[in-house]
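The lines below spell out each chain.
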Amino acid sequence: MTHTPAGAGLDPVHPAPVPASRRAEGLSAAEVAERVARGEVNDVPVRSSRSVGEIVRANVFTRFNAIIGVLWLIMLFVAPFQDSLFGYVIIANTGIGIIQEWRAKKTLDSLAVIGEVKPTVRRDGVAAEVRASQIVLGDLIEIGPGDKVAVDGTCAEADGLEIDESLLTGEADPVVKHAGDAVMSGSFVVAGSGAFTATKVGREAYAAQLAEDASRFTLVHSELRSGISTILKYVTWMMIPTAIGLVISQLVVKQHGFKDSIARTVGGIVPMVPEGLVLLTSVAFAIGVIRLGRKQCLVQELPAIEGLARIDTVCLDKTGTLTEGGMDVTELRPLNGADETYLRKVLGALGESDPRPNASLQAIIAAYPDSEEWRCTQALPFSSARKYSGAGFSEGNGESSTWLLGAPDVLLPAGDKALADTERLNEAGLRVLLLARTTKDLDDPEAAGAARPAALVVLEQRLRPDAADTLRYFAEQDVRAKVISGDNAVSVGAVAGKLGLTGEVVDARELPAEPAEMAEHLEKGTVFGRVTPQQKRDMVGALQSRGHTVAMTGDGVNDVLALKDADIGVSMGSGSEATRAVAQIVLLNNSFSTLPSVVGEGRRVIGNITRVATLFLVKTVYSVLLAVLVVCWQVEYPFLPRHLTLLSTLTIGIPAFFLALAPNTERAQPHFVRRVMRYSIPGGVVAGTATFVMYLIARHHYTGTGSLEAETSAATLTLFLVSMWVLAIIARPYTWWRICLVASMGGAFLLVLVVPRLQHFFALKLVGATMPWVAVLISVVAAAVLEFLWRWVDRRVPA
């Protein structure tokens, strides 16, 4: 038996799997119980969300709640109840935020348990699956292709074991492991199988931090939320000096008493705070998580909802994404006069030689039973980089033979007549493997070159029934699909064609290595075959270098590197544990058709929050402007808190809630802050200027007792009408429910103006006919200016 030294550039050859009678038995039940009693258990709680206490603290103890809370307490002492209504709105909003995030927490916690992978542990000589939290120090843990190493340990058994430690070290090349070598938690198996003894469990193992980080419920680190944070930071800096000037101005003027001056001062400060914008964003994201959770979609990082909505290119791995995991052998074609009965025995023995067969080998195992007299003497595990596997056998009659099973275009020389048959089968969408007998040892680098073709094994892949509809959805949404597979390019192209995906088919072995040149080929091609794991990663990087936002789907270990580097990684729930660890989104129901729902949720959240953010920030801009103008003119602030509470509720609060949850299929656009502020600033300036002009005209018109209330009412009418026009613009394009929403808000304000009890409650009473009509006229002019400015902004100011 021969071994290839690690790093020698050759693939390792290992003996056949150790018989069960000679394997280590692992810990006994008594030893496990003893370790559990000592606390030597891998019991690290993996929280998929914040605790209830953290949720409450995060929603209650905010900078803006503190500001508004202090102002609310002041108003409770110096003004009537209706002037402190804004405080109760904050309580309601905070309560909604807590409830929604708590519901999202429950959804994520339950989904995290559903998606939890159970390692195989050998105890008393019996292998059984246990939860990761039940592993104890000294446990013997079995691993195979795709398994993630759950805890740190030492390799006890190795059968062609290759482990990828790229998630820990950044080194992409798999590391060959032999008995006695260290195994790092967080790494994953790419080839072969084996077992290791746990040496570090619980918080001592790196996997504890890795798993917790991978599944944590996050509300940060997205362009949307960071953009809102940036806006709020600038608002705070503007608000502080403006509020100080307003306080001094109103206390100096104080023509209507100290308490009234304080009330109007607070009325000027409160609307500067767009506190509802943060809440609405959290609520919209949380509802998105809940909706996706009901569809068995685990969002491991909340910004992934936003990220997938921004994609313009989706890279699809064929196996497990476009096709189902299962395959069927449809034909065995002997070559060079080989005996079919004998070949069936070879295939049966090859299937039995691999303790962790892939989908192709599982189909062969199902079609060809093992011959008991054959004994495996050495095995070469399948590698996606090598494209073939192999095994040596003692056939029971004194003969020995060595066989290879893999890709025909890799094992056969160019021009071989069997390649023509292979190509025709590939064009029909069938997968073809070559069975070849080699005269060289498996560890010989010339083993493939010395192989003599014996048969073509034809397999048929099962197409996912939902794949065609999903690809059609992406095409309609102007998202380009790229099929990237390690299989034969022609075969992959045929599968893509069956699903309605047309375009240039490229053999990745012909792609240039230079990123810029590769990117050019990727722009033109649609289907890429014979792609190595490293190439998948390079292709994602090349697409990103062209400014594309890339999503990568996959379920195999060969997809991990690309999933990790893509803007959004999407893994199937039935995929390897390694892919689930690095993916931001896991489709637990293994349904590719869930992806449109994720894209739709992201587009709904981003598009709608961008819309309603304009409403909130228009209010902030006009509030700051009004405060500055009041300070400069040394007049009373025109509004009491009750007036702005009414205006905010009817023109922002209620409409924003419905608009934020409405359907929206527009592709998410970048530069959130710039897109919002280019509308909010002109909108706020126009609204604030129109309102203050009306206020000054009313001050000149009204005299005597009750003049301030009449002036306030005229100014309130102006601000409401201009704000309603802002809402009418934001609500476009109109649908029946949007028209009803805008109309009902106007009707509610009209009700306040005509019902005496509501007039008294909100201190709103229009006096005479002249000023109300002047207010309407000024509002019409302001609306026309708004239309002109926003259209000019669309043409002249880039987003």
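Coordinates for the structure precede this section.
Right, let's walk through the structure included here. Predicted model only: the values in this text are computed from it and were never measured. (Residues numbered from 1 in each chain as written. Predicted model: local features only at pLDDT ≥ 70, side-chain atom pairs only at ≥ 80, totals over all residues. Heavy atoms only, no water.)

## Observations regarding the pattern of salt bridges
By the definition in use, this model includes 22 salt bridges. Between E331 and R333 there is a salt bridge; the shortest N-O distance is 2.7 Å. You can call R333 partly exposed: its relative accessible area is 27%. Across the salt bridge formed by R546 and E523, the nearest N and O atoms sit 3.7 Å from each other. Taken together, the residues R546 in the loop between α18 (533-545) and β20 (550-554) and E523 in helix α17 (residues 515-524) connect sequence positions 23 residues apart. Its relative accessible area of 23% is what places E523 among the partly exposed residues. A cluster of three or more residues bridged by salt bridges with shared partners is formed by D409, D507, R509 and R530. (Salt bridge = Lys/Arg side-chain N within 4 Å of Asp/Glu carboxyl O. Buried < 20%, exposed > 50% of the residue type's maximum accessible area, 1.4 Å probe, protein only. Helix = DSSP H or I, 4+ residues; strand = E, 2+ residues; numbered from the N terminus.)

## Considering helix α24 (residues 707-730)
A rise of 1.5 Å per residue sets the reference length of α24, with its 24 residues, at 34 Å; its end C-alpha atoms lie 35 Å apart and thus fit the reference within 8%. Most of α24 is tucked away: 21 of the 24 residues are buried. (Expected span 1.5 Å × (residues − 1).)

## Some words on helix α16 (residues 489-498)
In an α-helix, one full turn covers 3.6 residues, which means residues spaced three or four apart are oriented alike. Most of α16 is tucked away, with seven of its 10 residues classed as buried. Within α16, burial applies to A489, S491, V492, G493, A494, V495 and A496. Once α16 ends, the next one or two residues include G500, with phi positive near 85°.

## A word on the sheet that holds strand β17 (residues 480-484)
The strand order across the open sheet formed by eight strands is β9-β22-β21-β20-β10-β17-β19-β18, and the pairing between neighbours is mixed. Among the strands making up the open sheet, the edge pair consists of β9 (297-299) and β18 (504-507). Averaged over all pairs of adjacent strands, the angle between their axes in this sheet comes to 20°, without regard to strand direction. The pairing of strand β21 (residues 568-572) with strand β22 (residues 585-587) spans three bridges and is classified as parallel. Counterpart to M572 in the pairing with β22 is L587. (Pairing = 2+ DSSP bridges. Axes fitted to C-alpha atoms, helices over the stretch in contact; angles between N-to-C directions.)

## Things to note about the side chain of S249
Summarising the element assignment, S249 is placed in helix α7 (residues 223-253). Taking relative accessible area as the criterion, S249 reaches 2% and is therefore assigned buried.

## Focus: the packing of helix α22 (residues 641-660) against α24
Interhelical geometry of α22 versus α24 gives an angle of 10° and a closest axis separation of 9 Å. The angle between α22 and α24 places the two elements in the roughly parallel class. Contacts from H643, L644, L647, L650, T651, P655 and L659 in α22 reach T712, T716, L719, F720, S723, M724, L727 and I730 in α24. Of the residues belonging to the contact of α22 with α24, the class tally is 10 nonpolar, five polar and no charged. (Parallel < 35°, antiparallel > 145°, perpendicular 65-115°, else oblique. Contact = heavy atoms within 4.5 Å. Nonpolar A, V, L, I, M, F, W, Y, C, P; charged D, E, K, R; others polar.)

## Here we look at the packing of aromatic side chains
In this structure the tally under the stated criterion is 11 aromatic pairs. When the centroid spacing of 5.3 Å and the interplanar angle of 70° are considered together, the rings of W633 and F692 count as edge-to-face. Linking W633 in helix α21 (residues 595-633) with F692 in helix α23 (residues 672-701), this pair joins segments that are 59 residues apart in sequence. The structure contains a cluster of three or more aromatic residues connected by ring pairs, namely Y342, W374, F393 and W403. (Phe/Tyr/Trp six-rings, centres within 6.5 Å; stacked < 30°, edge-to-face > 60°.)

## Let's talk about the nonpolar core
With 94 residues, the main nonpolar core has F86, I609 and F749 as its most contacted residues. Residue contributions to this core peak at 14 residues, all from α21. Excluding residues within four positions of it along the chain, F86 makes contact with I68, L71, W72, M75, V266, V270, P641 and T645. (Core = buried A, V, L, I, M, F, W, Y, C linked by side-chain atoms within 4.5 Å.)

## Regarding the environment of V752
Within the fold, V752 resides in helix α25 (residues 736-754). In this structure V752 comes out as buried when scored by relative accessible area, which is 5%. Through-space distance from the C-alpha of V752 to that of K765 is 9.2 Å; in sequence the pair is 13 residues apart. V752 has contacts with L646, L758, Q759, F762 and L764, leaving out every residue within four places of it along the chain.

## Quick notes on the side chain of R530
Take R530: it is sitting in the loop between β19 (525-529) and α18. By relative accessible area, which is 7% here, R530 ends up buried. At 2.9 Å, the side chain of R530 and the side chain of D409 are in polar contact. Setting aside anything within four residues of it in sequence, one finds R530 in contact with K387, A407, D409, S485, G486, D487, N488, D507, A508, R509 and Q535. (Polar contact = N/O pair within 3.5 Å; in protein donor to acceptor, adjacent residues only side chain to side chain.)

## Observations regarding the environment of L741
With respect to the helices and strands, L741 occurs in helix α25. On the basis of relative accessibility, which here comes to 8%, the residue L741 falls in the buried class. Spatially, the C-alpha atom of L741 lies 9.6 Å from that of A728, the residues being 13 residues apart in sequence. Discounting chain neighbours no more than four positions away, the residues touching L741 are P655, F658 and L659.

## Topic: the packing of α24 against helix α27 (residues 770-796)
Where α24 contacts α27, the two axes come as close as 9 Å, and the packing angle between them is 30°. Classified by the angle between their axes, α24 and α27 sit roughly parallel to one another. The interaxial crossing formed by α24 with α27 has right-handed handedness. Contacts between α24 and α27 involve A714, L717, T718, L721, V722, W725, V726, I729 and I730 on the former and, on the latter, P772, A775, V776, I778, S779, A782, A783, L786, E787 and W790. In the contact of α24 with α27, the residues fall into 16 nonpolar, two polar and one charged. (Left-handed = near helix turned anticlockwise from the far one by under 90°.)

## Looking at the pairing of strand β5 (residues 152-164)
Summarising burial for β5: 10 of the 13 residues are buried, a large majority. Pairing geometry for β5 and strand β8 (residues 188-200), over 10 bridges, is antiparallel. Each bridged residue has a counterpart across the sheet, and for T154 the counterpart in β8 is T197. Direction of pairing for β5 relative to strand β7 (residues 182-183): antiparallel, over a ladder of two bridges. The residue bridging G153 from the neighbouring strand is V183, located in β7.

## Digging into a nonpolar patch on the surface
A grouping of L73, L76, F77, F81, Y88 and I91 is seen on the molecular surface, where their side chains present a nonpolar patch of about 640 Å² in accessible area. Listing elements by their share of the nonpolar patch, those giving two or more residues are α3 (63-78) and α4 (85-114). Among the elements that line the nonpolar patch, the one with the most residues is α3, at three residues. Take F81: it is sitting in the loop between α3 and α4. A relative accessible area of 46% places F81 in the partly exposed class. (Patch = residues over 30% accessible without salt bridge, like charges linked within 9 Å, V, L, I, M, F, W, Y side chains within 5 Å. Areas by Shrake-Rupley, 256 points an atom, 1.4 Å probe, with all protein chains shown as cover.)

## Brief notes about unusual backbone geometry
Trans is the prevailing form of peptide bonds, just as negative phi is the prevailing case for residues other than glycine. The omega torsion across R732 and P733 is -5°, close enough to zero to call that bond cis. With a phi angle near 55°, D124 is a residue other than glycine that sits in the positive phi range. When you line up the elements, D124 lands in the loop between β2 (120-123) and β3 (126-129). D124 gets classed as partly exposed once you look at its relative accessible area, which sits at 44%. Here R530, not a glycine, exhibits a phi torsion of approximately 55°, which is positive.

## What to know about the environment of Y388
In this fold, Y388 is placed in strand β13 (residues 388-394). Sequence separation between Y388 and L405 is 17 residues; the distance between their C-alpha atoms is 5.5 Å. Y388 has contacts with L380, P381, F382, S383, L404, L405, G406, V410, L411 and A448, leaving out every residue within four places of it along the chain.

## Thoughts on the pairing of strand β15 (residues 431-438)
The element β15 is extensively covered by neighbouring structure, given that seven of its eight residues are classed as buried. Pairing geometry for strand β14 (residues 400-406) and β15, over four bridges, is antiparallel. Across the sheet, G406 pairs through a bridge with L434, a residue of β15. Sheet topology places β15 next to strand β16 (residues 451-463); eight bridges connect them, and they run antiparallel. From the neighbouring strand, R437 faces β16, where its bridge partner is R452.

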